[in-house]
Amino acid sequence: MGEPTASGPTARTQPPHGRSGPTTTYVLRAELDGAAPAVWRQLAVSPGLHLDELHVVLQAAFGWDDYHLHRFSSDPDDPWGQPAYLCPFEIAEGDTGVPAELVRAGEVLTDAGERLRYIYDYGDDWRVTLTLEAIETHEESAPPAACRDGHGAEPPEDCGGVPAYEVIVGAQDPSHPDHAELLAEFRRWFSAEDDPARIRLTPFDADTVNARLADLDLGSPPRPREVPVAVADLLAGVGGHPVRRRLLRLLAEAAIDAPVTINPDAAADMMRPYQWLLERVGEDGIKLTKAGYLPPAHVEAAMHDLDLWEEWIGAGNREDLTIPVLDLRESAQQLGLLRKYRGRLLRTKRGGAAASDSVALYQLLAERMPPARRGTAEHRAGTVLLLALAAGVDDTDDADALVTEALIAEGWRHTDGTPLDMWTIRAVQRPTMGVLQRIGALERDRASPGDLTPTSRARPFAHATLATTPHSTDTGETS
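What you see is a predicted model; the values in this text were computed from it and never measured.

Caption draft 1: Representation of the pairing of strand β2 (residues 40-45). β2 sits mainly inside the fold: five of its six residues count as buried. By the bridge criterion, six bridges tie strand β1 (residues 24-32) to β2 in an arrangement that is antiparallel. Residue pairing across strands places V27 opposite A44, the latter belonging to β2. In this structure, β2 lies alongside strand β8 (residues 145-151), joined through six bridges in antiparallel fashion. Among the inter-strand pairings, A44 is bridged to a residue of β8, identified as A146.

So this is what it looks like as structure tokens:
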């Protein structure tokens, strides 16, 4: 599987403070700059929408497919000026501006007559001026965004921008005053026999736009201005894919700003397998077999002392053939509790210090999750799984689907280029799921023994992993 591109630092300016409450509705006129005749949409939106949500509203309003970069600018006379509110790719590239997902419409438009510029597709250079026409009292039954009126067919993707759009419109319309001239221009661009009708123009229809808007996931909960670095990496990786809004919603529901509370009794029970292993290794360590595995006596002791027989059928004396013990030892190494040195299994300094303190060990495990190298598919999958559990998702099938969508959005595939399958998705989650199973945060489903389901321990521990790991500064992106 390929490695995603790392993101870089970014400078930013802060948006002004304005309206963001639910008591008002903004009436916006979104007009395509330079188009004649005019192409515009009148939209009624909540000022609480974040600008990344307003972006998808505009995509729906003009019939675009979100194939290209976009940005907002508060300087209507200079669309590339500051302050700028940027899409995830530009933030990841280190461009100057504020992540659009952190700014609400009500923070950049506060009074009737104010304008905001939206740019989409830097090649075709579609520029839309948003004018706040009116501020109305919000009706409780009103959706977060609705289209009230409009004019002009939807500009096709990759057609060449406003000049090409005007030629296509005029060439298709025999009643256009310049039809003959524009038809000739169209055929000069393509071929003498080319039919302009082959480029489909969708007439404006408010019902069609509103049907699209109804399918959007709008009105996200408040988003933290600091996020775990692993989640920031994930958000940067998925870019503008629709899964991004689902991840942001889960991030809000995970409440990572809430304090971490650890129940000492629960911690003692959850950390028992790792404490047992740390105590078994002891200060002197364990001499491993020539193949690098635990000797049979230690494997048998683990199976007996940790009651692992329900999970495995076999002799339970060879580590390479006893997966529960193998997973426990390997995860302890991945989490930095143990290490191999000259044929011996030894405790690390931090592992030894936490060996007799279950609360400290709980905190250490939370800090080290997911147990995989940052930037790998295993780390990404573990991050999505922990985010879902911290937000209260209680069905691992739902978590699997989210992991699948996020990895596909980030561009992960098999090394031969084929799409990821469910077996691969489960495999890349295995390091994280293995730890969660060992500590009792996941348990086997009695109705379907091949599946794991979250327990009451899953959400607090997943919350701790997100709240105690390093956080990026106020970007929502990697810094």
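Caption draft 2: Region of interest: the packing of aromatic side chains. Summed over the entire model, instances satisfying the criterion amount to six aromatic pairs. On the basis of an interplanar angle of 45 degrees and a centroid distance of 5.0 Å, the ring pair of F72 and Y118 is categorised as tilted. Of this pair, F72 sits in strand β3 (residues 70-73) while Y118 sits in strand β6 (residues 115-120), placing them 46 residues apart in sequence. Through pairs of rings, three or more aromatic residues link up here, namely F62, W64, Y120, W126 and Y165. One residue, R29, lies across the ring of W40, its end atom 4.3 Å from the ring centre. The ring centre of Y341 lies 5.4 Å from the NZ or CZ of R339, which sits over that ring.

Caption draft 3: Representation of the layout of surface pockets in the model. One number sums up the size of the largest pocket: a volume of about 680 Å³. Along the walls of the largest pocket sit 19 residues, with D307, E310, E311, Q437 and E443 positioned nearest its centre. For the lining of the largest pocket, the secondary-structure elements that each account for two or more residues are α9 (264-270), α10 (272-281), α17 (422-438) and β12 (442-444). It is β12 that provides the largest number of residues to the lining of the largest pocket, a total of three residues. Its residues assigned to classes, the lining of the largest pocket comprises six nonpolar, three polar and ten charged.

Caption draft 4: Fine view of the pattern of salt bridges. A full pass over the atoms with the stated rule returns 18 salt bridges. Close ionic contact of D125 with R127 constitutes a salt bridge, the shortest N to O distance being 3.0 Å. For R127, a relative accessible area of 24% gives the class partly exposed. With its nearest N and O atoms 2.5 Å apart, the salt bridge here joins R438 to E311. With R438 in helix α17 and E311 in the loop between α11 (296-305) and α12 (323-334), this pair connects stretches of sequence that are 127 residues apart. E311 sits in the partly exposed class, given a relative accessible area of 25%. A single network of salt bridges, built from pairs that share partners, joins D397, D400 and R426.

Quick notes on the rules
One numbering rule holds for all chains: residues counted from 1, following each sequence as written. Since the coordinates come from a predicted model, pLDDT governs what is reported: local features require at least 70, and pairs of side-chain atoms require 80 or more to be given and counted, while whole-chain, interface and lining totals use all residues. Each side-chain value is worked out from all heavy atoms of the structure, with water and hydrogens disregarded. Three labels apply to residues, based on accessible area from a 1.4 Å probe with only protein chains included: buried if under 20% of the type maximum, exposed if over 50%, partly exposed otherwise in between. A helix here means a DSSP run of H or I that spans at least four residues, while a strand means a run of E at least two residues long, and both kinds are numbered starting from the N terminus. Here, a strand pair is defined by DSSP locating no fewer than two bridges between the strands. The aromatic pairing rule takes the rings of Phe, Tyr and Trp, using the six-membered ring of Trp, and pairs them if the centres are within 6.5 Å, calling planes under 30 degrees apart stacked, those over 60 edge-to-face and the rest tilted. We count a charge as sitting over a ring when the NZ of a lysine or the CZ of an arginine lies within 6 Å of the ring centre and within 35 degrees of the ring normal. Lining residues are defined by having an atom within 4 Å of a point belonging to a cavity or pocket. Those points lie on a 1 Å grid over the protein atoms alone, cavities being sets where a 1.4 Å probe fits but cannot get out and pockets being open sets with protein on both sides within 12 Å along at least five of seven lines. Grid points are joined across faces, edges and corners, and a volume is the space filled by probe spheres set on the points. Only Asp, Glu, Lys and Arg are considered charged, only Ala, Val, Leu, Ile, Met, Phe, Trp, Tyr, Cys and Pro nonpolar, and every remaining residue, Gly among them, polar. By convention in these notes, a salt bridge is any Lys or Arg side-chain nitrogen within 4 Å of a carboxyl oxygen on Asp or Glu.

Honestly, it's all geometry; don't read function into it.
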